[in-house]
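Letter by letter, the chains look like this.
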Amino acid sequence: MDRVALRGLKARGHHGVFPKEREEGQTFIVDLVLGLDTRAAAADDDLAKTVHYGIVAEEVVAVVEGEPVDLIETLAERIARTCLKHEGVLEIEVCVHKPDAPITVPFDDVTVTITRSRA
């Protein structure tokens, strides 16, 4: 399986279990690895035979900016479902970063990574 990766998609969302997170929002960063077969697109040099990653990026940002959820696990699941709606995408790995998570000790990042497929 071939891979198309999008790294560092940034969007502001209002996800989290604490009222401050819901009210003020924060930046979320999303990394995607789309699994698909790119042979037909490469052979014909045809965008219609692969996934349009610009559109995928816009849709993922819309999910992050959309309806709030408590958990980034839920957000990752919604993003995966959105990506799998694209016909050519057979598998998706989603990593959601929450670098401003409300943690009381020093840290660099909090992430949740999931992999989903059509099967």
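Only a predicted model underlies this, so the values are computations on that prediction, with no experimental measurement involved.

All right, on to the overall build of the protein chain then. Within the protein chain, the secondary structure is distributed over four helices and four strands. Along the protein chain, from the amino end to the carboxyl end, the secondary structure elements read β-α-β-α-α-α-β-β. Taken along its principal axes, the extent of the C-alpha atoms in the protein chain is 50 × 25 × 25 Å. Residues counted as buried form 39% of the 119 residues belonging to the protein chain. Across the protein chain, contacts joining residues at least 24 apart in sequence account for 60% of those joining residues at least 6 apart. Here the protein chain carries 14 positive and 22 negative side-chain charges, and the mean point of each set is 3 Å from the other.

With that settled, consider the nonpolar core. Counting residues in each nonpolar core, the largest one holds 29 residues, and the members touching the most others are Val-30, Leu-32, Leu-34, Ile-79, Val-94 and Val-96. Elements supplying a minimum of two residues to this core: strand S1 (2–13), strand S2 (26–36), helix H3 (53–65), helix H4 (72–84), strand S3 (91–97) and strand S4 (111–117). Setting aside residues no more than four positions away along its own chain, Ile-79 makes contact with Val-30, Leu-32, Val-60, Val-63, Val-64, Val-94 and Val-96.

Calculation rules
- Residues numbered from 1 in each chain as written.
- Predicted model: local features only at pLDDT ≥ 70, side-chain atom pairs only at ≥ 80, totals over all residues.
- Heavy atoms only, no water.
- Helix = DSSP H or I, 4+ residues; strand = E, 2+ residues; numbered from the N terminus.
- Buried < 20%, exposed > 50% of the residue type's maximum accessible area, 1.4 Å probe, protein only.
- Contact = heavy atoms within 4.5 Å.
- Lys, Arg positive; Asp, Glu negative; His and termini not counted.
- Charge placed at Lys NZ, Arg CZ, Asp CG, Glu CD.
- Core = buried A, V, L, I, M, F, W, Y, C linked by side-chain atoms within 4.5 Å.

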